[in-house]
Amino acid sequence: MKRQHRQITFTVLFLLSALLSFSQKKPATVSGHVVDENEAPLSKVTVMILGQTKGITTNDSGYFKISIPADKAFALIFTYAGRNPVQRNFLLNEGEEETVTIKMEKGEKTLPEVVVTDQRDRREAGLLRPNPKTILNLPSAVTGVESLIKIIVGSNNELTSQYSVRGGSYDENLIYVNDFEIFRPYLVRSGQQEGLSFINPEMVRNINFYNGGYQARYGDKLSSVLDIQYKKPRHFGGSAYIGILEQGLQLEGVSNNNKFTYLIGARNRSNRNLLSRQDTKGNYVPSSADLQALLTYQFSPKWQAELLSNISQTKFTLLPQSSQLTTSVFSPFFSATIGVDIFFEGREKDQYQTNMLGLSLVNQVNKRLKLKWMASRFSNDEAENVDITGAYLFGERDFDRRNATFGLIINPLGAGVFQNYARNQLTVENWNVSHKGTYENGKHSWQWGLAYDRTHIKDKLNEWEFQDSAGYALPYAPDMLRLSKVLKSNANLDINKFSGFVQDNILLGDSAHAATLTAGVRFNYNSLNGEFLISPRIGASWKPGGKKDVVFRVAAGSYQQPPFYRELRRYDGSVNTKLKAQKSWQAVAGFDYNFIGMGGRPMRWTAEAYYKNLTDVVPYDVDNVRLRYFGENNAKAYAAGIETSLFGELLKDAESWLSLGIMKTGEDIKGDFFKVYTLDSLNLPIDSMTKENGFLRRPTDRRVTIGLFLQDYLSTNKNFKLYMNLLYGTNLPYNIPNSVRFRNAAVIDPYIRCDLGFSALLLDENRSNRRSHSPFRNFENIWASLEVFNIIDRANTISYLLVRIFRIRFICCRID
């Protein structure tokens, strides 16, 4: 028996050793010499495998030898200061050796570019600084900075540039371009009506995005700040792109005496090809165009003027024809999933025109003191014209493909007609005069600012809806015809706002044990409601000693948002001029950790936990991208969560990142009482009880959000690249109108979206091989790209079309 055990053990060991020897392939080898154009050897030439950060260098004779994996395509990159890089592709068998001679020619650029970065994004709570170049490569239905932000904060609609941050609404986000505050159109109901974002990605130099805990120097909103800085040209140049959805041209230059610079961008976009697959079939005619310019003039080393202007126009026309929707019926007695067919007549025609002009004057008094004066005018003219009638039929639909009636309603349960009518006009004009200053004094950096805004709002609202179900007009009245909703209102408001801030940024300790402390206070006065607000804010960071490169940061403070146009309007169209500002106390704590990851590549991990306590909240409902406010400060709310992001290069020069957010937000509306009835066997009420809802999910209560941006390229050719944009978000609540008991009881399914992008470099920046008469001799590079949207072919739900019918409470139709 022992002998048998020995034989078995020996056999097993022999098989294992044979398997291991078979699985361990001998690497291949590439060796050779690197020489210059005169065949002289080059020493200290860096040789590395494409996509890796570590390599070898040639010796004094220009000789090198490097081991590489066998049976796998790879590329070797040879680099040397002042010479053009060389790439060679290989595919070698196990144990194969190949000898090559590499000739490196002199390049046009003899000095590498020096990039100077600061550590502000690591010290300030909530601050993220994504690379602006990533925007141009990001595959997304809407190109822009906002699409990049959505990877971090999540999204529910790929057609809009609006976003929700840490449980806040679309109206709680500040946007600055070169210190000028930017406004959005207000009457937009859906993402398909939106045009171009104000921010032109071709003109962007820096992106600073704060998703919470931002300092007192930023304005009066509750959720986030997007601070954009445009480029300042150093020489003549430009870029152009032509796509199916969007076309653009950007030019920049500087005068001969280097005093005058210009940066001009023009864009045109049409989403017609994207909208052709909407659930509502019809003729979509969207168009959007804009023209921007940034002009600067240097009067002297101490004085500089800057002019920023924008002209933008968006038009949207829809002639709907028909729609087939998936339907859920909500009723105390009946519920089912059935089909709804709607046939339309009429037209929707919307137009939004935005103009902006800003002038700033900067005085660099000395190395310590910098003063800036600004004046700007923003105007927004919007018109909304809707007159659409829909006739609907609902019932059981035949889903059997074998039948001739496949896709048709074979058992009708009801029919009706509805008509939507709107003639709305809105004009918003905002004048701003402000001053900002900075004073450096040792380890203290003082910042202050004062601003005056005068806003004129002229609004004319004329909307009504008619609903007819089974021959009964709703709400039912036997002796008269009644409309289900009527909104008629005129508003003419002049609002004066005064605001200012002062803060001190203090640097404590040395570079090895650096700590910072930022303390400031902000004030705001609004003439509309006569409210004077004070907002103290504080933040700190600490970098402990040791080998680990980690920074801890905290922030806390008061954040208040005075009401603007949308918050003032009640559901009935009336304007509440006594509405108070929404208020919150917020706390943020987190860390920023830099480390070396796989393959010796630098990685960055950030994480933050936050809590918001909100009072004087104005509740609202979300319908697509339109917010309908209650117009009253009758709620309190909270938001709490954790956000973490991982940044790094899976391959050299191919930055990717992963974001994860976990959040819960709820609100308690005062006076939301409802009756609960006890029914007998005949479903007749015999008793009742009064209840109050308490805390419910807010419209932005998305518990889990995941965002992924991934870059990759071929192992043998870095000029062929792949980009992936993946977004996931759990379900969102949706409100059933006029139902206190079932507020936010409906659910919008989880959002999943994945887009792919491919790009190929057709012409690189090496001009030494170009002919003198080539039409492309002055081009830096030319790229070709292809984007594939929604590769998983998922129809995400944006909102619901709720149709009230006779005897049954609601039909809830999903809109994808």
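Computed from a prediction, not measured in an experiment: that's the story for all the values here. Sequence order as written defines residue numbering, which begins from 1 separately in each chain. The model is predicted, so local features are restricted to residues of pLDDT at least 70 and side-chain atom pairs to those at 80 or more, both for listing and for counting; the totals for chains, interfaces and linings are taken over all residues. Water and hydrogen atoms play no part in the side-chain values, which are based on all heavy atoms of the structure.

**Student:** Would you take a moment to explain the pattern of salt bridges for this structure?
**Tutor:** By salt bridge we mean one thing: a side-chain nitrogen of Lys or Arg within 4 Å of a carboxyl oxygen of Asp or Glu. With the rule as written, the count across this model stands at 33 salt bridges. Measuring nitrogen to oxygen at the nearest pair gives 3.3 Å for the salt bridge that ties Glu 608 to Arg 553. In this pair, Glu 608 sits in strand β28 (residues 602-617) while Arg 553 sits in strand β26 (residues 549-561), placing the two residues 55 residues apart along the sequence. Considered together, Glu 608 and Arg 553 belong to a single accessibility category, that of buried residues. In this structure, Glu 632 engages Arg 570 in a salt bridge whose closest nitrogen and oxygen atoms are separated by 2.7 Å. Of this pair, Glu 632 sits in the loop between β30 (626-629) and β31 (635-651) while Arg 570 sits in the loop between α6 (565-568) and β27 (582-596), and the two are 62 residues apart along the sequence. When its relative accessible area of 24% is taken as the criterion, Arg 570 is described as partly exposed. A helix here means a DSSP run of H or I that spans at least four residues, while a strand means a run of E at least two residues long, and both kinds are numbered starting from the N terminus. Using a 1.4 Å probe on the protein chains alone, a residue whose accessible area is under 20% of its type maximum counts as buried, one over 50% counts as exposed, and one in between counts as partly exposed.

**Student:** Honestly, helix α4 (residues 145-153) in this entry has me stumped. Any pointers?
**Tutor:** An α-helix turns once every 3.6 residues. As a result, residues three or four positions apart point the same way. Among the 9 residues in α4, 9 count as buried, and that is most of the element. Within α4 the residues assigned to the buried category are Val 145, Glu 146, Ser 147, Leu 148, Ile 149, Lys 150, Ile 151, Ile 152 and Val 153. Gly 154 sits one or two residues past α4 and shows a positive phi near 95°.

**Student:** What is the right way to look at the environment of His 444 in this model?
**Tutor:** In this structure, His 444 sits in strand β21 (residues 444-469). His 444 sits 96 residues away from Glu 348 along the chain, and the two C-alpha atoms are 57 Å apart. A polar side-chain atom of His 444 sits 2.8 Å from a polar atom in the side chain of Asp 504. Polar contacts here mean pairs of N or O atoms no more than 3.5 Å apart (in protein, one a potential hydrogen donor and the other a potential acceptor; neighbouring residues in sequence count only if both atoms are side-chain atoms).

**Student:** Any chance you could explain the pairing of strand β36 (residues 704-713) here in plain terms?
**Tutor:** Strand residues, when the strand is regular, have side chains that alternate between the two faces of the sheet. Of the two faces of β36, only the one carrying Thr 705, Gly 707, Phe 709, Gln 711 and Tyr 713 is buried; Val 704, Ile 706, Leu 708, Leu 710 and Asp 712 on the other face are not. As paired strands, β36 and strand β37 (residues 720-729) are joined by 9 bridges and run antiparallel to one another. The residue of β37 that forms the bridge with Asp 712 is Leu 722. Pairing between two strands is assigned when DSSP locates at least 2 bridges connecting them. Hairpin connection of β36 to β37: 6 residues between the antiparallel strands.

**Student:** I tried to follow a nonpolar patch on the surface on my own but got confused; where do I start?
**Tutor:** Patch membership requires over 30% relative accessible area and the absence of a salt bridge. Like charges are linked within 9 Å, and nonpolar side chains (Val, Leu, Ile, Met, Phe, Trp, Tyr) within 5 Å. Values of accessible area rely on a 1.4 Å probe in the Shrake-Rupley scheme; residue burial ignores everything except the protein chains shown. A cluster of nonpolar side chains, namely Phe 236, Leu 249, Leu 251, Ile 264, Leu 291 and Ile 311, defines an oily patch on the protein surface of about 570 Å² accessible area. Mapped onto the fold, Ile 264 is located in strand β15 (residues 260-269). Assessed through its relative accessible area of 34%, Ile 264 is described here as partly exposed.

**Student:** Help me understand the sheet that holds strand β7 (residues 97-103), please; the structure alone is not making it clear to me.
**Tutor:** To summarise the sheet geometry, strands pair through backbone hydrogen bonds and adopt either a parallel or an antiparallel arrangement. Read across the sheet, 3 strands follow the order β4-β1-β7 without closing on themselves; strand pairing throughout is mixed. The outermost strands of the open sheet, each flanked by one partner alone, are β4 (63-68) and β7. Between one strand axis and the next, the sheet turns through 25° on average, direction left out of account. Sheet topology places strand β1 (residues 28-35) next to β7; 7 bridges connect them, and they run parallel. Each axis is a line fitted through C-alpha atoms, and for a helix only the stretch in contact is used; angles between axes span 0 to 180 degrees, taken between their N-to-C directions.

**Student:** What should I look at first to understand the packing of aromatic side chains in this one?
**Tutor:** What characterises a pair of aromatic rings is the spacing of the ring centres plus the angle enclosed by the ring planes. Each Phe, Tyr or Trp ring, with Trp reduced to its six-membered ring, pairs with another whose centre is within 6.5 Å; inter-plane angles below 30 degrees give stacked pairs, above 60 give edge-to-face pairs, and intermediate values give tilted ones. Under the counting rule described, the total for this entry stands at 27 aromatic pairs. Here Phe 344 and Phe 418 contribute two aromatic rings whose centre-to-centre distance is 6.4 Å and whose plane-to-plane angle is 75°, an arrangement assigned as edge-to-face. One end of the pair, Phe 344, is in strand β18 (residues 337-364); the other, Phe 418, is in strand β20 (residues 409-441), with 74 residues separating them in the sequence. Look at Phe 344 and you get buried, because its relative accessible area is 16%. Assessed through its relative accessible area of 9%, Phe 418 is described here as buried. Taken together, the aromatic side chains of Phe 183, Tyr 186, Phe 378, Phe 564 and Tyr 565 make up a single cluster linked through ring pairs. The ring of Tyr 176 has Lys 436 sitting right over it, with the charged end atom 5.7 Å from the ring centre. A positively charged side chain is recorded as over a ring if its NZ (Lys) or CZ (Arg) lies within 6 Å of the ring centre. The angle to the ring normal must also be within 35 degrees. Stacked on the ring of Tyr 571, the Lys or Arg Arg 628 has its end atom at 4.9 Å from the ring centre.

**Student:** Teacher, can you tell me more about the pairing of β28 here?
**Tutor:** Where β27 and β28 come together, 14 bridges link them in antiparallel fashion. Paired with Trp 585 across the two strands is Asn 613, which belongs to β28. Taken together, β27 and the strand that follows it, β28, pair antiparallel across an intervening segment of 5 residues, in which Gly 599 is found at a positive phi of about 70°.

**Student:** For this particular structure, what's the right way to read empty space enclosed by the protein?
**Tutor:** Gaps left between atoms are located by rolling a probe of water-molecule size over the structure's atoms. Think of a 1 Å grid over the protein atoms and nothing else: a 1.4 Å probe that fits but is trapped marks a cavity, an open set flanked by protein within 12 Å on at least five of seven lines marks a pocket, and residues with an atom within 4 Å of a point count as lining. Grid points are joined across faces, edges and corners, and a volume is the space filled by probe spheres set on the points. Going through the model one piece at a time under the given rule, you end up with 9 cavities of 30 Å³ or more. Approximately 820 Å³ is the volume attributed to the largest cavity. Lining the largest cavity are 46 residues; nearest its centre among them are Leu 174, Tyr 176, Glu 181, Phe 183 and Lys 497. Per element, the largest residue contribution to the lining of the largest cavity is 5 residues, and it comes from β20. Amino acids are sorted into nonpolar (Ala, Val, Leu, Ile, Met, Phe, Trp, Tyr, Cys and Pro), charged (Asp, Glu, Lys and Arg) and polar (every other residue, Gly among them). Residues of the lining of the largest cavity, tallied by class, amount to 18 nonpolar, 14 polar and 14 charged. Considering only enclosed or pocket space, the second largest cavity measures out at about 340 Å³ in volume. Going through the elements one at a time, β17 (303-330) and β18 are the ones with two or more residues in the lining of the second largest cavity.

**Student:** Hey, could you run me through the side chain of Lys 612 in this one?
**Tutor:** Tracing the chain through its elements places Lys 612 in strand β28. Only four residue types enter the charge count, namely Lys and Arg as positive and Asp and Glu as negative; His and the chain termini do not. Nearest to the buried, unbridged Lys 612 among oppositely charged side chains is Glu 172, at 5.4 Å. There is a polar contact of 3.2 Å between the side chain of Lys 612 and the backbone oxygen of Arg 166. Any two residues whose heavy atoms approach within 4.5 Å are treated as being in contact. Look past the residues within four positions of Lys 612 in its chain and what remains in contact with it is Val 165, Arg 166, Leu 222, Ser 223, Trp 585, Gln 586, Ala 637, Tyr 638 and Ala 639.

**Student:** What is the right way to look at the sheet that holds strand β6 (residues 83-90) in this model?
**Tutor:** Read from one edge of the open sheet, 4 strands run β3-β2-β5-β6, paired in antiparallel fashion. One side of each edge strand has no neighbouring strand; the edge strands of this open sheet are β3 (55-57) and β6. Averaged over all adjacent pairs, the angle separating strand axes in this sheet is 20°, with direction ignored. Across 3 bridges, strand β2 (residues 46-49) lies against β3 in antiparallel orientation. Across the sheet, residue Val 47 finds its bridge partner in β3, namely Ile 56.

**Student:** Got a minute to help me understand the confidence of the model for the protein in this structure?
**Tutor:** A low pLDDT means the predicted coordinates there should not be read in detail. For every residue, the predictor assigns a confidence score, pLDDT, that lies between 0 and 100. With 90% of its residues at a pLDDT of at least 70, the protein reaches an overall mean of 86. Per-element confidence in the protein ranges from a low mean pLDDT of 47 for helix α1 (residues 2-23) to a high of 96 for β15. When the criterion is pLDDT under 50, residues 1-6 qualifies, and its contacts beyond four places in sequence or with other chains add up to 0 contacts. A low-confidence stretch, residues 18-23 stays under pLDDT 50, and its non-local contacts, those more than four residues away or across chains, total 0 contacts.

**Student:** Can you walk me through the side chain of Arg 698 in this structure?
**Tutor:** If you trace the backbone, Arg 698 turns up in the loop between β35 (695-697) and β36. A distance of 3.3 Å separates the side chain of Arg 698 from the side chain of Glu 667, its partner in a polar contact. In contact with Arg 698, other than residues within four places in its own chain, are Gly 167, Leu 614, Val 617, Tyr 620, Ala 637, Thr 665, Gly 666, Glu 667, Pro 733 and Asn 744.

**Student:** Looking at this structure, I do not really get the nonpolar core. What am I missing?
**Tutor:** Across soluble globular proteins, you tend to see nonpolar side chains buried next to one another. Note on terminology: a nonpolar core comprises buried Ala, Val, Leu, Ile, Met, Phe, Trp, Tyr and Cys residues joined through side-chain atoms within 4.5 Å. Counting residues in each nonpolar core, the largest one holds 57 residues, and the members touching the most others are Val 145, Ile 199, Leu 226, Ile 228 and Tyr 230. Contacts of Tyr 230, omitting those with residues within four sequence positions, involve Val 177, Asn 178, Phe 198, Ile 199, Asn 200, Met 203, Val 204, Arg 205, Leu 263, Gln 292, Leu 294 and Leu 308. Counting 19 residues, the second largest nonpolar core, distinct from the first, contains Val 30, Val 34, Ile 102 and Met 104.

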